[in-house]
Amino acid sequence: MALLGVAFSCNIGGMVTPIASPQNLIAVLQIRNVKGSVSFAEWTGFALPSCLVVLGLCWIILRNMFKTNLPCGIEFRQEAPPPVSKKEIFVGGVVGATIVMWILFDPLKSTFGNIGIIAVIPVVIFFGFDLLTKEDFDKLPWNVIILMGGGLALGTAVETSGLLQKIADAVENALKGQGLWIVMVTFNFLMAITANFISSTVSAIIFLPLIAKVGASIGHVNALTVTACMMTSGAMGLPVSSFPNANAYSIRKKDGASGFISNSDLIKSGFLMTGVVFVVIHTVGYATVLVFGW
């Protein structure tokens, strides 16, 4: 239960801010590509109510599905933490400054040009001051980085070739005259299915440009793009669905032969949570859309 709780909480937390997960940054980029805008405060204020509801329901579901046989849950030993070192303070300061610059990116855009440039700053500092070494560099998940880069290249190719516009026109015509709620349900159902099987980030790379274009054409780009992006994080039915799921599933017992999480445990709880997120987005989330005027 604990590993599933951590993985699902990471998925839920990945919806809250524009910098919480890779797909959120992709959503912000696509919104800007269609001449829209969403600030850090707007995204967080919009997503937080739905995320709090989903988090509470997640706790209830996991507590009922997996019994710990402990009266007060898992017991922890209370030990005094070691003193904070100067190195830890320095790293914390760099991370904090990076987050602040991400939050304040709009007024800093003329200086940095792209939000990705800000992410390079801590990399240069940490490697420049030998806080990270060549060995750390070699251990970076290059397969994930290449996957994201390839996905972005795929999305750009679909857009520049004109295929994205044709698909967007076809979808727009199919949904013409439908209300915002129906359009949201249609796109989010698509995202829930695809993100579970091809991962949340890849699903976002492929489909968010299309959703942003359709959203811009009907005047609801933020509502459609942000909720669809949240749905990608809410897809958590398989190990491949998200990085937190994959990490939790890969943790082995001491014998190295078996994991703590079985396929059946992840599937039955993960797909149930996907359904919970889907329902909350179209109830609490839709109410928040109306409040924000999106």
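Criteria and cut-off values
Residues numbered from 1 in each chain as written. Predicted model: local features only at pLDDT ≥ 70, side-chain atom pairs only at ≥ 80, totals over all residues. Heavy atoms only, no water. Core = buried A, V, L, I, M, F, W, Y, C linked by side-chain atoms within 4.5 Å. Buried < 20%, exposed > 50% of the residue type's maximum accessible area, 1.4 Å probe, protein only. Helix = DSSP H or I, 4+ residues; strand = E, 2+ residues; numbered from the N terminus. Contact = heavy atoms within 4.5 Å. Axes fitted to C-alpha atoms, helices over the stretch in contact; angles between N-to-C directions. Parallel < 35°, antiparallel > 145°, perpendicular 65-115°, else oblique. Left-handed = near helix turned anticlockwise from the far one by under 90°. Nonpolar A, V, L, I, M, F, W, Y, C, P; charged D, E, K, R; others polar. Expected span 1.5 Å × (residues − 1). Arc of directions from axis to C-beta. Patch = residues over 30% accessible without salt bridge, like charges linked within 9 Å, V, L, I, M, F, W, Y side chains within 5 Å. Areas by Shrake-Rupley, 256 points an atom, 1.4 Å probe, with all protein chains shown as cover. Salt bridge = Lys/Arg side-chain N within 4 Å of Asp/Glu carboxyl O.

Asks: Got a sec to walk through the nonpolar core? Specific residues and values, please.
Replies: Judged by nonpolar contacts, the single largest core of 55 residues is most densely connected at Phe8, Trp43, Phe187, Leu208, Ile211 and Met273. Put simply, the parts of the chain that give this core at least two residues each are α1 (2-13), α2 (22-33), α3 (40-65), α10 (180-198), α11 (200-218), α12 (221-234) and α14 (263-292). With residues near it in sequence (within four places) discarded, methionine 273 still touches Phe8, Ile12, Val54, Cys58, Ile61, Gly234 and Met236.

Asks: Please set out the packing of α11 against α12 residue by residue, giving values where relevant.
Replies: Where α11 meets α12, the axes come as close as 8 Å, and the angle between the chain directions of the two elements is 165°. Considering their axes alone, α11 and α12 lie roughly antiparallel with respect to each other. With respect to the hand of their crossing, α11 and α12 are arranged in right-handed fashion. Counted together, Ser200, Ser203, Ala204, Leu208, Ile211, Ala212, Gly215, Ala216 and Ile218 of α11 and Val221, Leu224, Thr225, Ala228, Cys229, Thr232 and Ser233 of α12 form the full contact between these two elements. Looking at the contact of α11 with α12 residue by residue, the classes come out as 10 nonpolar, 6 polar and no charged.

Asks: Describe α1, listing the residues and the values that go with them.
Replies: The terminal C-alpha atoms of α1, which comprises 12 residues, lie 16 Å apart, in line with the 16 Å expected from a rise of 1.5 Å per residue. Among the residues of α1, those classed as buried are Leu4, Gly5, Ala7, Phe8, Asn11 and Ile12. End-on view of α1: buried residues confined to an arc of 170°, all on one side of the axis. Buried residues in α1 make contact with α3, α12, α13 (243-250) and α14.

Asks: I'd like to hear about unusual backbone geometry, residue by residue, with values.
Replies: One non-glycine residue, lysine 35, lies in the positive phi region at around 70°. Looking at the element boundaries, lysine 35 is found in the loop between α2 and α3. For aspartate 130, which is not glycine, the phi torsion reads 60° and is therefore positive. Examined against the element boundaries, aspartate 130 turns out to sit in the loop between α6 (115-128) and α7 (134-138). Residue aspartate 130 is classed as exposed on the basis of its relative accessible area, which comes to 60%.

Asks: Let's hear about a nonpolar patch on the surface: which residues, and what values?
Replies: Nonpolar side chains collect at one region of the surface, where Phe189, Ile193, Phe197, Ile198, Ile206, Ile267 and Phe271 lie side by side and expose about 600 Å² of accessible area between them. Those elements that place two or more of their residues in the nonpolar patch are α10 and α14. Of the residues forming the nonpolar patch, the biggest block, 4 residues, is contributed by α10.

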